[in-house]
Each structure stands twice: as structure tokens, then as C-alpha cells.
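# Structure at a glance
Residue strings, one per chain:
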Amino acid sequence: NSQGCIELLGQKYATDEWTNVTPKIIEKLDRKLHITKNHPLSHVRQIIANHFYKSYTNRGNNPLFSIYDNLSPIVTTKQNFDSLLVPPDHPSRKKTDCYYVNRDMLLRAHTTAHQVELISMGLDNFLVIGDVYRRDEIDSTHYPVFHQVDGVRLCTGDEVFQNVKGSGKLNIFEHRGVEGTDKQGCHTLEAVKVMEYDLKQVLVSLAQALFGQSVKYRWVDEYFPFTHPSWELEVFFNGKWIEVLGCGIIRQEILQRAGISDRIGWAFGLGLERLAMCLYSIPDIRLFWSLDSGFLNQFITDDPHKKITYKPVSIYPQCSNDISFWLPQDSAYCSNDFYDLVRDIGGDTVEQIQLVDEFVHPKTKKVSHCYRIIYRHMERVLTQDEVNDIHKKIEKASKDLLHVVIR
Ligand code: PHE
């Protein structure tokens with residue numbers, strides 16, 4: 001791996017000690033589920049796009065927002081982090097959390113990675129939609145590849161106050177202002193409040209378009225390095241509060257660096273999978289990657305607003321197998337390395353991995369982990385032999401690659 005090179009989407013990249021993209025992840029780079037005709041993620045994308053087309057139009061009644069849904073997921077650390085003021089030591093940059101191509105490039109961890117380049121191109125209103133990549137745990141709601149929509153709107157002072165009566169003399173910037181919980185130092189409170197109102201009303205009406213007019217929702221204060229103030233929208237669905245999106249007022253330093261000095265902006269980002277799972281009652285996130293007609297055919301429609309409820313074709317039995325090992329004492333080990341290894345070998349036959357026991361030997365201080373791996377194929381019954389075979393390969397690879405000692 002190190003000192004070599006890898007090919008991604010037809011381009012060669014040098015590898016180094018940061019490289020941790022895996023073959024299973026690389027396979028996903030060209031799937032483009034969000035723009036696959038009749039795919040559930042594509043329907044949700046279309047509903048969101050329609051909402052913004054309709055909400056913001058120019059004098060000629062044409063949509064103000066332009067949509068970028070085909071940008072390459074291979075980005076620089078500058079795009080993904082630095083341009084968004086993510087500090088050099090921020091935990092989200094860790095090798096254990098991202099898929100790095102090499103020290104300088106990674107598979108984008110959020111679609112916000114394209115914000116600055118699009119603003120620098122002169123765009124004021126846009127959506128970015130695409131696949132994003134994060135190393136994470138394995139269960140029915142987490143998958144290392146998922147899809148996000150980001151939105152940005154920049155306004156001049158005239159645009160901010162155009163619908164506010166008698167606001168002729170109001171400014172969006174103030175000098176010697178101080179940052180507080182409600183605003184950045186450089187902004188006037190009145191500009192922030194009008195932008196906040198615009199942002200929140202368009203996102204609440206989006207939630208209503210998705211979940212119904214009577215959806216119960218709440219705003220929660222949040223923190224992002226690239227916005228201030230920041231909020232999260234949660235909706236009450238099936239007896240639980242679920243996070244739908246993050247948003248806020250764009251840090252003015254980001255706009256300044258992009259050459260914009262006369263505008264204030266808002267931004268938001270949301271994940272498509274969780275929304276689609278709620279809307280269509282899809283029980284497992286792996287199903288989005290299914291090529292099985294039993295899944296895909298249920299979503300064939302020319303009307304993305306049509307109500308569809310997924311009906312499981314049949315439920316195949318789960319099969320669980322435990323693995324216990326001593327962690328290496330002289331090299332770094334992290335659970336995400338093990339999860340990637342299990343995915344590489346088991347692929348989507350692995351439904352879930354739970355760390356069921358962690359134990360420190362009182363004398364030797366050696367650490368032992370026990371994981372329960374739950375196997376279930378989505379489209380057919382797995383035989384015990386098949387599962388045993390995969391499990392043995394996982395044991396062997398863990399020994400060879402992660403230097404653990406199987407108990
Ligand atoms: N990028 C953030 C995330 O992935 C979402 C976000 C986008 C928040 C834009 C604020 C503004 O969680």
C-alpha cells in the first residue's frame with residue numbers, strides 16, 4: 001500500500017501511510033445512487049430539489065437555486081476541512097474516522113466540502129448532493145457510505161431587508177461588534193435574525209413537505225466550525241426525536257476568503273438515508289445498495305411525491321458468531337479497523353457488529369475485546385457453513401493484519 005498508487009474513478013493517486021480506503025469502499029465510488037432513476041434516494045433528492053426550486057424564484061419565476069449532484073467525491077483536506085475553518089487537530093480529521101486516499105486527499109466526509117469552491121465561482125444560491133464517506137460502527141442505520149444534501153444562500157443587505165418595511169437604513173455588518181451566542185462579531189443582530197427566519201422557515205416547510213403538514217419539530221442549538229450561530233432540526237417520528245439536519249449562519253471569514261465582502265449567508269446539510277428510511281419504512285440501510293429487483297421494483301414511479309411503503313420480500317434468519325481476541329500491545333488498534341476488515345471480508349452479509357465485552361487482564365494489563373458479529377443476507381438464506389467460512393477468514397485476517405491474538 002505505502003509508496004504505491006491506487007486508481008479511483010479512472011485516476012491514479014499516490015498512496016502513503018495515510019491511505020486507508022478499502023476495496024469495498026472503492027466499489028461504491030461510481031454507484032451514484034442519488035441520481036439513479038427510480039432509486040428511493042433519488043426520489044428524496046427530487047422532493048428536496050423541487051422544494052427549493054419552488055421556494056426561491058427570480059422575477060421571471062425561474063428557480064434561483066442551481067444544483068450540483070455530480071461532483072467528484074475525491075476532495076482535498078483543504079476542501080473538506082481547512083476551507084471550512086475546521087482546526088488542524090479537530091477529531092473529525094482522524095484517520096480512524098475518514099477514508100483517506102493519501103495525506104492530502106480523502107473521500108469527502110460531507111458535501112459541505114464543495115461550499116467554498118462554488119461560492120468562489122460566484123454562486124449565491126445552490127444545493128450540492130452526493131455520496132459521503134465516514135468510518136463508523138456497523139448496524140441497521142450506519143453504513144460507511146451515505147448521501148447528503150447541502151444548501152447555501154448568500155444575500156446582500158438589500159436582499160436581506162427587502163421584505164422588511166421601513167428597513168431602509170439597516171446594515172448587515174457592524175464594526176467593533178463582539179461575538180455572542182446569538183451572532184458573529186461582524187454581523188448586525190437584525191441581519192442575523194432575518195437570515196435565521198428565512199433559513200428556519202424554508203427548512204421547516206421542507207420537513208412538512210417530507211413528513212406531512214402536522215409534523216412535530218423542534219430546534220436545538222448546535223455547534224459547527226463553519227457556521228455561527230448553528231442549529232439542528234429534529235422531528236418527532238414513530239415515538240422518537242430524530243435529527244434531520246444541521247444549519248447556521250456561515251462564518252464570515254469563509255466568505256471573506258472566497259472574495260465575498262458584501263453578503264451574509266446561511267448553510268445547511270442533511271442526510272438522505274435517514275429521511276428515506278422514515279418515509280418508505282425501509283428497515284435496514286444496506287438495502288439502498290441492493291441490486292435485487294424485489295427491492296428496486298417497489299420504487300418505480302415517475303412521481304417522487306407518491307407515497308410508497310416498502311414491504312420486506314421475506315425475512316431471512318440471522319446467524320450470530322462471536323470473536324474474542326487480545327489486542328496487540330505494541331501497535332495501535334481501533335475498533336473501526338476491525339469493522340472495515342469485517343466489511344472487506346463479509347461484505348453486506350454482515351448486518352451488525354457489537355462490542356459485547358471488553359476486559360483488562362489484572363496482571364498482564366492486556367486488553368481483550370469480544371465482538372458479536374450478526375450475519376444475515378438480505379436476499380437469501382445463509383447456510384451455517386457459509387457463515388463459518390466467512391468467520392474463519394475474519395479470524396485469520398484479524399491475526400495477520402491487526403496482529404491480535406485470538407482467544
Ligand atoms: N456538514 C455538516 C454535517 O455533515 C452539516 C452542516 C452543513 C451544518 C452546513 C451546517 C452547515 O453534519
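Scroll up a little and you will see the structure.
So, here is what we can say about the structure in this document. (Residues numbered from 1 in each chain as written. Predicted model: local features only at pLDDT ≥ 70, side-chain atom pairs only at ≥ 80, totals over all residues. Heavy atoms only, no water.)

A few words on the pattern of salt bridges. Inspection of every chain in the model, using the stated rule, returns 24 salt bridges. Asp-124 is the salt-bridge partner of Arg-263, the closest N and O atoms lying 3.2 Å from each other. Placement of the pair is Arg-263 in strand 12 (residues 263-271) and Asp-124 in the loop between helix 4 (115-120) and strand 7 (125-133), with a sequence separation of 139 residues. Residue classification places Asp-124 among the partly exposed residues on the basis of a relative accessible area of 21%. The salt bridge partner of Glu-174 is Lys-183, with a shortest N-O separation of 3.2 Å. The structure contains a network of salt bridges with shared partners spanning Asp-284, Arg-286, Glu-351 and Arg-376. (Salt bridge = Lys/Arg side-chain N within 4 Å of Asp/Glu carboxyl O. Helix = DSSP H or I, 4+ residues; strand = E, 2+ residues; numbered from the N terminus. Buried < 20%, exposed > 50% of the residue type's maximum accessible area, 1.4 Å probe, protein only.)

In this section: the sheet that holds strand 6 (residues 105-107). In space, the 3 strands of this open sheet follow the order 4-6-5, with antiparallel pairing throughout. If you trace the sheet from one side to the other, it starts and ends with strand 4 (74-76) and strand 5 (100-102), each paired once. Here the average twist between neighbouring strands, direction ignored, is 35°. Sheet topology places strand 5 next to strand 6; 2 bridges connect them, and they run antiparallel. Looking at the pairing, Asn-102 lines up with Met-105 of strand 6. (Pairing = 2+ DSSP bridges. Axes fitted to C-alpha atoms, helices over the stretch in contact; angles between N-to-C directions.)

A few words now on unusual backbone geometry. With an omega of -5°, the peptide bond between His-228 and Pro-229 qualifies as cis. With respect to the helices and strands, the residue Pro-229 is situated in strand 10 (residues 227-237). Even without being a glycine, Leu-9 presents a positive backbone phi close to 50°. Along the chain, Leu-9 turns up in the loop between strand 1 (5-8) and strand 2 (11-14). With relative accessibility at 43%, the residue Leu-9 sits in the partly exposed group. Even without a glycine there, the phi angle at Asn-61 is positive, about 65°.

Attention now moves to the pairing of strand 12. Every other side chain in a regular strand lies on the same face of the sheet, so the side chains alternate between the two faces. Most of strand 12 is tucked away: 7 of the 9 residues are buried. Relative to strand 12, strand 8 (residues 145-156) runs antiparallel, the two being bridged by 9 bridges. When the sheet's bridge partners are listed, Arg-153 is paired in strand 12 with Trp-266. In the sheet, strand 11 (residues 240-250) pairs with strand 12 via 5 bridges, with the strands oriented antiparallel. Its bridge partner lying in strand 12, Cys-247 is registered against Phe-268.

So, about the site of the ligand. In the vicinity of the ligand, 13 residues are found, and the nearest of them are His-110, Thr-112, Arg-134, Gln-148 and Gly-269. Contact distances for the ligand include 2.8 Å between a nitrogen atom and a side-chain N or O atom of Thr-112. The side chain of Arg-134 places a nitrogen or oxygen atom 3.0 Å from an oxygen atom of the ligand. For the ligand, the protein covers 88% of the area, taking 330 Å² as the surface of the free molecule. Of all elements in the fold, only strand 8, strand 11 and strand 12 reach the threshold of two or more residues within the shell around the ligand. (Near = heavy atom within 4 Å. Polar contact = N/O pair within 3.5 Å; in protein donor to acceptor, adjacent residues only side chain to side chain. Areas by Shrake-Rupley, 256 points an atom, 1.4 Å probe, with all protein chains shown as cover.)

Judged by pairing direction, the sheet is mixed, and its 7 strands sit side by side in the order 3-7-8-12-11-10-9 without closing on themselves. Because the sheet does not close on itself, it has two edges, and the strands there are strand 3 (66-68) and strand 9 (217-224). Going across the sheet, the axis of each strand differs from the next one's by a mean of 25°, ignoring polarity. Sitting on the sheet, helix 6 (residues 189-211) is in contact with strand 8, strand 9, strand 10, strand 11 and strand 12, with an inclination near 25° to strand 12. On top of the sheet, helix 8 (residues 272-280) reaches strand 7, strand 8, strand 10, strand 11 and strand 12; it is set at about 55° to strand 12, its chief contact. (Contact = heavy atoms within 4.5 Å.)

The subject of this paragraph is the packing of helix 2 (residues 40-55) against helix 8. Close contact between helix 2 and helix 8 brings their axes to 9 Å; oriented N to C, the two are set at 100°. Between helix 2 and helix 8, the angle is such that the two are roughly perpendicular. In this structure, helix 2 uses Pro-40, Leu-41, His-43, Val-44, Arg-45 and Ile-48 to contact helix 8, whose residues at the interface are Leu-272, Glu-273, Leu-275, Ala-276, Leu-279 and Tyr-280. For the contact of helix 2 with helix 8, the per-class residue count stands at 9 nonpolar, 1 polar and 2 charged. (Parallel < 35°, antiparallel > 145°, perpendicular 65-115°, else oblique. Nonpolar A, V, L, I, M, F, W, Y, C, P; charged D, E, K, R; others polar.)

Attention now moves to the nonpolar core. Where a protein is soluble and globular, its nonpolar side chains tend to be buried together. By size, the foremost hydrophobic cluster in this structure holds 69 residues, and its most contacted members are Phe-52, Phe-211 and Trp-266. If you tally residues by element for this core, the top one is helix 6, at 10 residues. Ignoring sequence-local partners within four residues, the contact set of Phe-211 consists of Val-235, Phe-237, Ile-242, Val-244, Leu-275, Cys-278 and Leu-279. Residues Cys-98, Tyr-100, Ile-119 and Leu-154 belong to the second largest nonpolar core, which totals 24 residues. (Core = buried A, V, L, I, M, F, W, Y, C linked by side-chain atoms within 4.5 Å.)

Our focus in this paragraph is helix 10 (residues 335-346). Between the first and last C-alpha of helix 10 there are 16 Å, a value that for 12 residues agrees with the 16 Å anticipated at 1.5 Å per step. Burial analysis of helix 10 places 9 of its 12 residues in the buried class, which makes it a mostly covered element. Of all the positions in helix 10, only Ser-335, Asn-336, Phe-338, Tyr-339, Asp-340, Leu-341, Val-342, Arg-343 and Gly-346 are classed as buried. Downstream of helix 10 by a residue or two, Gly-347 has a phi angle that is positive, lying close to 55°. (Expected span 1.5 Å × (residues − 1).)

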